[in-house]
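# Chain and residue survey
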Amino acid sequence: MLCWPVINRVGGARRKRVRHKIGIVGAGNVGASTAQRIAERNYADVVLLDIPEAEGVARGKALDIQESGPVLGYDTQLEGGSSHAQLDGCDLIVVTAGMPRKPGMSRDDLVTTNQRVMNEWGAAIKEYAPEAIVIVVTNPLDAMAQAMFHATGFPRRRVMGMAGVLDSARMRSFIAAELGVSVVDVSAFVLGGHGDTMVPLPRCSTVAGVPLPELLDQDRIARIVERTANGGAEIVNLLKTGSAYYAPSASVLAMVEAMVLDQKRILPCSVHLEGEYGHNGIFLGVPVRLGAQGVEEIVEIELSSQEQESLDRSASAVEELLEVMRRGQAAGSGAS
Ligand code: NAD
């Protein structure tokens, strides 16, 4: 009969089984598909959480993904639920919880509603997983990352927003389609807030190392840039209900992988700027080095005056949302 203490013993010493535990808050489309992608990689156990009314959904999806393990060959342990305490022991947490914008709901209402969700889960993360790294996915992204940063009080290296990986993936696929080349050879660079004011940078986007402006004329580049900036809306218009989740969950996975495997990848993430790129006290998308410590470095590149202006415009759009949050907080509606 196999006995764990025996097979766990190597050279007389008991080998400690080290496995990451990743919490995913929000068991909707992005949350569940992120759980599935992480499970299939087999490098972390997963806890999938939602509101009490949707606890069965979270538990059911976790069980369903777990039962794919024997077919696909992974041992990932998954659990679902709605209790904050289930975050205990998580070293990485992905927050996808939030309300979609409903008919008749103003943008400001959406901001304060989702701000409350960040406040609730930020406090829970602080209590049950005080050393965790947090990736925020909930929209409006940069503002919600900022809300999470304040709610947890974590150092800036441990709170980040996912948007740039997705936006640049969209741009990469449009460039590849335009040129008829593999996406693998295309890199794209997108800065700024997540939304239609994002700043795609064609001169830093390359195909096999060749800058885009040497391969495409300005009109074709402008079309790609515009389609990238409207990439989320394009999917929403097609789906009619709900928004994208395959590419978003793939993008979260790239960030998770960079940290779990300490890859030191340079990826665009929304992070708290403290003077970098001329901005202070605001979350914006910039290239960072992601590794086991979280955001290990903010990579600053020199921008042209036109690029800096676009980034400043994007920051102003994020700042408007922060103002809504401040008003909500002052009125007590943003409190958890
Ligand atoms: P969804 O509606 O399918 O899932 C959201 C889930 O959050 C639901 O299951 C809901 O019950 C849960 N939820 C709501 N309030 C909660 C709370 N207080 N505690 C725990 N769970 C709660 O939505 P989705 O498609 O999965 O998208 C999730 C979020 O991610 C949205 O805000 C969406 O706009 C955003 N998003 C961001 C990006 C990006 O690039 N950053 C990309 C795609 C989606």
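These notes cover the structure that comes with them.

Quick notes on the rules
- Residues numbered from 1 in each chain as written.
- Predicted model: local features only at pLDDT ≥ 70, side-chain atom pairs only at ≥ 80, totals over all residues.
- Heavy atoms only, no water.
- Near = heavy atom within 4 Å.
- Polar contact = N/O pair within 3.5 Å; in protein donor to acceptor, adjacent residues only side chain to side chain.
- Areas by Shrake-Rupley, 256 points an atom, 1.4 Å probe, with all protein chains shown as cover.
- Helix = DSSP H or I, 4+ residues; strand = E, 2+ residues; numbered from the N terminus.
- Nonpolar A, V, L, I, M, F, W, Y, C, P; charged D, E, K, R; others polar.
- Domains from an automatic or database assignment.
- Phe/Tyr/Trp six-rings, centres within 6.5 Å; stacked < 30°, edge-to-face > 60°.
- Buried < 20%, exposed > 50% of the residue type's maximum accessible area, 1.4 Å probe, protein only.
- Pairing = 2+ DSSP bridges.
- Expected span 1.5 Å × (residues − 1).

### Focus on the site of the ligand
- Taken together, 23 residues lie near the ligand, and Val30, Asp50, Trp121, Val137 and Met162 sit nearest.
- Between an oxygen atom of the ligand and a side-chain N or O atom of His194, the distance comes to 3.1 Å.
- Against a free-state accessible area of 860 Å², the protein chains account for coverage of 85% of the ligand.
- Residue contributions to the shell around the ligand peak at three residues, all from helix H5 (residues 107-128).
- For the shell around the ligand, the residue count by class is 13 nonpolar, eight polar and two charged.
- Domain assignment of the residues forming the shell around the ligand places at least three in each of domain 1 (18-161) and domain 2 (164-323).

### Structural notes on the packing of aromatic side chains
- Using the criterion set out here, one finds two aromatic pairs in the structure.
- A centroid spacing of 5.5 Å and a plane angle of 65° characterise the contact between Phe149 and Phe283, whose relative ring orientation is edge-to-face. Separated by 134 residues along the polypeptide, Phe149 in helix H6 (residues 141-152) and Phe283 in strand E15 (residues 280-291) bring together distant segments of the chain. The exposure classification of Phe149 matches that of Phe283, with both residues buried.

### Topic: the pairing of strand E16 (residues 294-298)
- Note that E15 and E16 share four bridges and pair antiparallel. Across the sheet, residue Val288 finds its bridge partner in E16, namely Ile298.
- Once E15 ends, the chain turns through two residues before running back antiparallel as E16.

### Some thoughts on helix H10 (residues 246-260)
- Over its 15 residues, H10 extends 21 Å from the first C-alpha to the last, a length consistent with the 21 Å expected when each residue adds 1.5 Å.
- Across the 15 residues of H10, twelve count as buried, placing the element largely inside the fold.
- Regarding H10, the residues found buried are Pro248, Ser249, Ser251, Val252, Leu253, Ala254, Met255, Val256, Glu257, Ala258, Met259 and Val260.
- Directly after H10, the chain includes Asp262, whose backbone phi takes a positive value near 50°.

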